[in-house]
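# Remarks on the overall topology
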Amino acid sequence: MTAPLVQAHDLAKTFDVSVPWLNRVIERRPRQLLRAVDGVSFDIGKGQTLALVGESGCGKSTVARLLVGLYEPTRGGLTFDGQDAHATFKSPQGRQLRRRIQMIFQDPYASLNPRWTVEDIVGEPLKEHAIITDAARLKDRVGELLDSVGLSPLDMVKFPHQFSGGQRQRISIARALATEPEFLVCDEPTSALDVSVQAQVLNIMKDLQRQRGLTYLFISHNLAVVRHVSDQVGVMYLGRLVELSGKRQLFGNPRHPYTRMLLDAIPKMHDIGRSRTPVQGEVPNPLNPPTGCAFHPRCPNANERCKAERPALLAIQGIRIACHAVEEGRI
Amino acid sequence: MSLLQVQNLIVEFPHRRGTLRALDDISFEIAPGEILGVVGESGAGKSLTGASIIGLLEPPGRVASGQIMLEGQRIDNLSHEQMRHIRGRKIGAIFQDPLTSLNPLYTVGRQLTETIQAHLPVDGAEARKRAVGLLEDTGIPAAAERIDHYPHQFSGGMRQRVVIALALAAEPKLIVADEPTTALDVSIQAQIIQLLKRVCKERGAAVMLITHDMGVIAETCDRVAVMYAGRIAEIGPVHDVINQPAHPYSMGLMAAIPDITIERERLHQIDGAMPRLNAIPAGCAYNPRCPRAFARCTVERPDLLEAGATRAACWLHDAHAGAPV
């Protein structure tokens, strides 16, 4: 069996958010470190979609940026197709690697240059990587790319402001596909879109995946969307993975208390009238996380061990889960 | 008698190149204590409907015709000063972003007592007592201390609870809530939805809940109005609109929403997009995208017609005309 295309090992990213040195000295304040991602490991097989879900401050967007090389990891690494990705990014082979990994961003209004035509936007990767140098052939290729996302090739003369949010997101997808990547990192690609437009974009993404064998990392806070697109789901909380399993398993039998509460908390269209216990408390400040298991202040199953010892992500009964109570068989 | 009656409301935005009609002949009612959801995609006009009712339409937007009646009294044609008394006392408002809804320079207690004393005949001590009570009721821990805190000292979810307390402070009969949970995390959303339902039912306050999130509507509302291009496409009891929608747009919308309880291979998609205000088609605004449109739909605009348990603005439900089956 071939190794997975994408392998993240113990990825971590810490940001120094201390106040300036002078303030620290005069006001006697300590350094402040933000552990945005604190040891995340996962594998994604070729042609598969891993969804990362979590609420604000869980670190999922930082993981996305680590995977495409926008950030250097503080610890840990990423193996892509057998090679160390971050080392490769820094080497002469880095450009080749960047063709194979591309990203789609959340905000369709901020991710396209408003002063460029669609032709320039979608053609930029082709020019930058010298994939196509002949101008006429470039135009044709841009037309093909636009067509593959359901837009007309005639649209290439227009500017971004002439399109709706959903159409702009499709332009972003067309641009991301220009280099014929194998791996797409999608950071909340449909969160800013209306429901009916979201449906169009998600359907296109699934179709493209099937046609081209694309691998996706799909980041979202919307579990219903995740249910629709993913094969595997990873739930993050304060920079760590708490549960990682196949989609059917996660939604059918969530094991981690946080996952259960999250699924329970989602307003559901068709389960009308069912009362449920909402989650207690709020996500703690990532600058000052709780000791031991970060979820323990909100967990109904927490014991003394949970307050003191951080649980490792263990393989238990076919899933990966970081929870003492599950490990001990208490739940 | 209904608490709120909106009759044939038309809201327009006049500008140099013509007049844009943003709300085109909207009519609906809210009964005392009822929770009505108003759902629709961006540009449908739901926030504008809320703004018209609270009297916060941004100029040059104006009510061009129609009426808004609160407890039998007309409120759309009141002066600024008169509306100031209605707002707060009769109608409370909750907006999306708790950070910008609260004045950062005043303590939470000061903002609450100011609202209470502006509308109710109580003295400072009594106002403060009521303010603490409101904070406790909306789930703020240590309310007696936190009443003297500033908004920035609260987290997002807590701030929204303060905003709810503020909306209820002068004991209004109607709360207009515009996307009250959209900016909050999922787990907090659930808490806020439950809170809103409880405090409103306890006080007999009706709610107009404006949102694009159908799940929130399903869990909170008694009835729902689906808006499209400045008009109401369908209105009826929430279970019926969700499970047996009668308007093709509602049908498409319900099918396009990914639901956590059902897994589907492909999401239903409605091709095209909502028309811009200056390009609304003749007849039924939805007809270019409608899989069941026929000749009449392109020329004559449908009123809300009886369609089983709901009312839908769709000629398919005209029992008198020979609509194709």
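Above this text is the structure in question.
Residues numbered from 1 in each chain as written. Chains lettered and ligands numbered in written order. Predicted model: local features only at pLDDT ≥ 70, side-chain atom pairs only at ≥ 80, totals over all residues.

## Topic: the overall build of chain B
Note the following rule: A run of H or I in DSSP counts as a helix once it spans at least four residues, and a run of E counts as a strand once it spans at least two, with each numbered from the N terminus. Exposure in this text rests on C-beta crowding, where 20 or more other C-beta atoms within 10 Å of a residue's own make it buried, 12 or fewer make it exposed, and counts in between make it partly exposed. The C-beta atoms are placed from the backbone. Contact definition: two residues whose C-beta atoms, as placed from backbone geometry, lie within 7 Å.
Scanning chain B from terminus to terminus reveals eleven helices and twelve strands. Expressed as lengths along the three principal axes of its C-alpha atoms, the size of chain B is roughly 70 × 50 × 40 Å. Put simply, chain B has 325 residues, and 50% of those count as buried. Here the contacts in chain B between residues at least 6 apart in sequence split such that 63% fall between residues at least 24 apart.

## So, the nonpolar core
The line we're drawing: Buried Ala, Val, Leu, Ile, Met, Phe, Trp, Tyr and Cys residues form a nonpolar core when they are connected through C-beta atoms within 7 Å.
Within the largest apolar cluster, 193 residues are counted, with the highest numbers of intra-cluster contacts made by Leu-217 of chain A together with Leu-174, Val-207, Met-208, Val-226 and Tyr-228 of chain B. With nine residues, the single largest contributor to this core is helix H8 (residues 186-203) of chain B. Setting aside anything within four residues of it in sequence, one finds Met-208 of chain B in contact with Ile-30, Leu-36, Val-38, Gly-50, Leu-174, Val-176 and Ala-177 of chain B.

## So, the environment of Ile-164 of chain B
Residue and element names in this part refer to chain B. Within the secondary structure, Ile-164 sits in helix H7 (residues 156-168). Assessed through the 25 C-beta atoms surrounding it within 10 Å, Ile-164 is described here as buried. The spacing of Ile-164 and Arg-89 is 75 residues in sequence and 14 Å in space, taken between C-alpha atoms. Those residues within four positions of Ile-164 in sequence are excluded, and the remaining contacts are Ile-94, Thr-138, Leu-195, Leu-196 and Val-199.

## A word on helix H11 (residues 257-265) of chain A
Within the sequence span of H11 of chain A, burial applies to Pro-257, Tyr-258, Thr-259, Met-261, Leu-262 and Ala-265 of chain A. For H11 of chain A, the secondary structure elements touched by its buried residues are helix H9 (223-229), strand S9 (232-237), strand S10 (240-246) and helix H10 (247-252) of chain A together with H8 of chain B.

## Observations concerning the interface of chain B and chain A
Interface size is commonly expressed as the accessible surface area that is lost when the partners come together. For clarity, the cut-off: Amino acids are sorted into nonpolar (Ala, Val, Leu, Ile, Met, Phe, Trp, Tyr, Cys and Pro), charged (Asp, Glu, Lys and Arg) and polar (every other residue, Gly among them).
Chain B puts 38 residues into the contact, and the matching count from chain A is 30 residues. Of all the secondary-structure elements, those providing two or more residues to the side of chain B that touches chain A are H8, helix H9 (214-220), helix H10 (238-243) and helix H11 (248-256) of chain B. By residue number, the principal contributor to the side of chain B that touches chain A is H8 of chain B, which donates eight residues. When its residues are assigned to classes, the side of chain B that touches chain A shows 16 nonpolar, 14 polar and eight charged.

## Details of the sheet that holds strand S4 (residues 62-70) of chain B
All names here are of chain B. Definition in use: Here, strands pair whenever DSSP counts at least two bridges between them.
In spatial order, the strands read S2-S1-S4-S5; together these four strands make up an open sheet with antiparallel pairing. In the strand order of this sheet, the two ends are held by strand S2 (18-30) and strand S5 (73-74), each with one partner. In the sheet, strand S1 (residues 4-15) pairs with S2 via ten bridges, with the strands oriented antiparallel. Bridge pairing links Leu-4 to Ile-30 in S2.

## A word on the packing of helix H5 (residues 118-128) of chain A against helix H6 (residues 135-148) of chain A
All names here are of chain A. Which entries qualify depends on this criterion: To obtain each axis, a line is fitted to C-alpha atoms, and for helices this fit is confined to the stretch in contact; angles are then taken between N-to-C directions over 0 to 180 degrees. Any angle that is under 35 degrees is reported as roughly parallel, and any over 145 degrees as roughly antiparallel; angles of 65 to 115 degrees are reported as roughly perpendicular and all others as oblique.
Contact geometry of H5 with H6 gives a least axis separation of 10 Å together with a crossing angle of 110°. Relative to H6, the element H5 is oriented roughly perpendicular. Where H5 abuts H6, its residues Glu-119, Val-122, Gly-123 and Leu-126 lie against Leu-138, Lys-139, Arg-141, Val-142, Leu-145 and Leu-146. Residues that form the contact of H5 with H6 fall into these classes: six nonpolar, one polar and three charged.

## With respect to the pairing of strand S6 (residues 91-94) of chain B
All names here are of chain B. With burial as the criterion, each face of S6 is covered, one bearing Ile-91 and Ala-93 and the other bearing Gly-92 and Ile-94. Bridge count between S6 and strand S7 (residues 174-178): four bridges; the pairing is parallel. Across the sheet, Ala-93 pairs through a bridge with Val-176, a residue of S7.

## Observations concerning the sheet that holds S9 of chain A
Residues and elements named next belong to chain A. Read from one edge of the open sheet, eight strands run S6-S7-S8-S3-S9-S10-S12-S11, paired in mixed fashion. For this open sheet the edge positions go to strand S6 (101-104) and strand S11 (314-316), each flanked by a neighbour on one side alone. When the angles between neighbouring strand axes are averaged without regard to direction, this sheet yields 20°. As defined by bridge partners, S10 adjoins strand S12 (residues 319-321) across two bridges and the pair is classed as antiparallel.

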